[in-house]
Amino acid sequence: MHRPPDLLLRFTRAERWVHRATAVLALACLATAACLYLAPLAELVGRRRLVVTAHVWCGLALPVPLLLGLGFRAVRADVSRLSRFGPADRAWLWAVRARAFRRPAGKFNAGQKLYAQWTLGTMLVLLGTGLLMWLTHLAPTSWRTGATFVHDWLAAAVAVVSAGHIRMALRDPEARRGMRTGWVDRRWAEREHPHWAPAPAADPAPAPAADRGHTVRGGPPPRP
């Protein structure tokens, strides 16, 4: 029987659900925004009041998965990693600029850190400007006009950056498997994230149902 490759646990269940829930809410916000601002889609969908309601509540719920996820140690550890830049990150950016093959990275490379920080920053700005647009009594008309301008153009930028993020994910099936199942191939991890991948465990064992933070080898368990 073919022996599966060595595996590493990259993301726990909590980490994966935070990512999935945030992605679903963000895509819902972008889709409803497109239906509100693009005339062909607005005519096709109709029911503008319902679309507005869905857009508002998806936007208000956008930070909730992350806030709930902070109750899990693995999510807090990832947030800490994503918020810090070190020598390896600067070397990664230099390697990308020089188109070098070897690009040092920990669990997350510098590009992923920049994207995560961009996402968090735009989420907060869009939430703030959206509240000014929704609750008209909070600010004078000039503020609401400025909030609308910032909200609309920043949403367009988010759509472009998100499309790039999805394009990068489609080009890396192993990264998608890590986000889908939590497990990645050890050789992929050593190549793409050499400063994160730990050494393989001494005793082969299949990937357990419970999330663990060490290397395992795939395959059937030994008979007693």
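Residues numbered from 1 in each chain as written. Predicted model: local features only at pLDDT ≥ 70, side-chain atom pairs only at ≥ 80, totals over all residues. Heavy atoms only, no water.

Undergrad: Can you walk me through the packing of helix 1 (residues 13-37) against helix 8 (residues 141-170) in this structure?
TA: In a packed pair of helices, the relevant descriptors are the angle between the two axes and the axis-to-axis distance. Running from amino to carboxyl end, helix 1 crosses helix 8 at an angle of 130°, the nearest separation of the two axes being 11 Å. Our classification of the angle between helix 1 and helix 8 gives oblique. Once helix 1 is placed against helix 8, the crossing between them reads as left-handed. Contact with helix 1, carried on its side by H19, L30 and Y37, involves D152, A155, V158, A159, S162 and H165 of helix 8 and no other residues of that element. (Axes fitted to C-alpha atoms, helices over the stretch in contact; angles between N-to-C directions. Helix = DSSP H or I, 4+ residues; strand = E, 2+ residues; numbered from the N terminus. Parallel < 35°, antiparallel > 145°, perpendicular 65-115°, else oblique. Left-handed = near helix turned anticlockwise from the far one by under 90°. Contact = heavy atoms within 4.5 Å.)

Undergrad: Help me understand the packing of aromatic side chains, please; the structure alone is not making it clear to me.
TA: Tallied over the entire structure, the rule returns three aromatic pairs. On the basis of an interplanar angle of 75° and a centroid distance of 6.1 Å, the ring pair of W57 and W134 is categorised as edge-to-face. Remark: W134 occurs in helix 7 (residues 110-134) and W57 occurs in helix 3 (residues 48-61); sequence separation between them is 77 residues. Under the relative-accessibility criterion, W134 is labelled partly exposed at 41%. Here the basic side chain of R20 rests over the ring of W17, its NZ or CZ set 5.3 Å away from the ring centre. (Phe/Tyr/Trp six-rings, centres within 6.5 Å; stacked < 30°, edge-to-face > 60°. Buried < 20%, exposed > 50% of the residue type's maximum accessible area, 1.4 Å probe, protein only. Lys NZ or Arg CZ within 6 Å of the ring centre and 35° of its normal.)

Undergrad: Any chance you could explain helix 7 here in plain terms?
TA: Along an α-helix, residues three or four positions apart point the same way, because every turn accommodates 3.6 residues. With 25 residues, helix 7 ought to run about 36 Å at 1.5 Å a step, and its terminal C-alpha atoms sit 36 Å apart, in line with that. All of the buried residues in helix 7 are A110, K113, T122, M123, L126 and T129. Buried positions along helix 7 lie against helix 1, helix 5 (73-82), helix 6 (87-98) and helix 8. The backbone nitrogen of G111 lies 3.0 Å from a side-chain oxygen of the residue at the head of helix 7, namely N109. (Expected span 1.5 Å × (residues − 1). Polar contact = N/O pair within 3.5 Å; in protein donor to acceptor, adjacent residues only side chain to side chain.)

Undergrad: Looking at this structure, I do not really get the pattern of salt bridges. What am I missing?
TA: For the structure on display, the rule yields nine salt bridges. The shortest N-O distance in the salt bridge between D6 and R186 comes to 2.9 Å. In this pair, D6 is assigned in strand 1 (residues 6-9) and R186 in helix 10 (residues 186-192), connecting sequence segments 180 residues apart. Take D6: its relative accessible area is 8%, and that puts it in the buried class. Here R187 makes a salt bridge to D185, at a shortest N to O gap of 3.7 Å. (Salt bridge = Lys/Arg side-chain N within 4 Å of Asp/Glu carboxyl O.)

Undergrad: When you look at the pairing of strand 1 in this model, what are you seeing that I'm missing?
TA: On any regular strand, side chains alternate: one points to one face of the sheet, the next to the other face. In strand 1, alternate side chains face the same way, and those of D6 and L8 on one face and L7 and L9 on the other are all buried. Direction of pairing for strand 1 relative to strand 2 (residues 183-185): antiparallel, over a ladder of three bridges. Residue pairing for strand 2: L8 is matched across the bridge by V184. (Pairing = 2+ DSSP bridges.)

Scope: geometric values only; no functional claims are made or implied.
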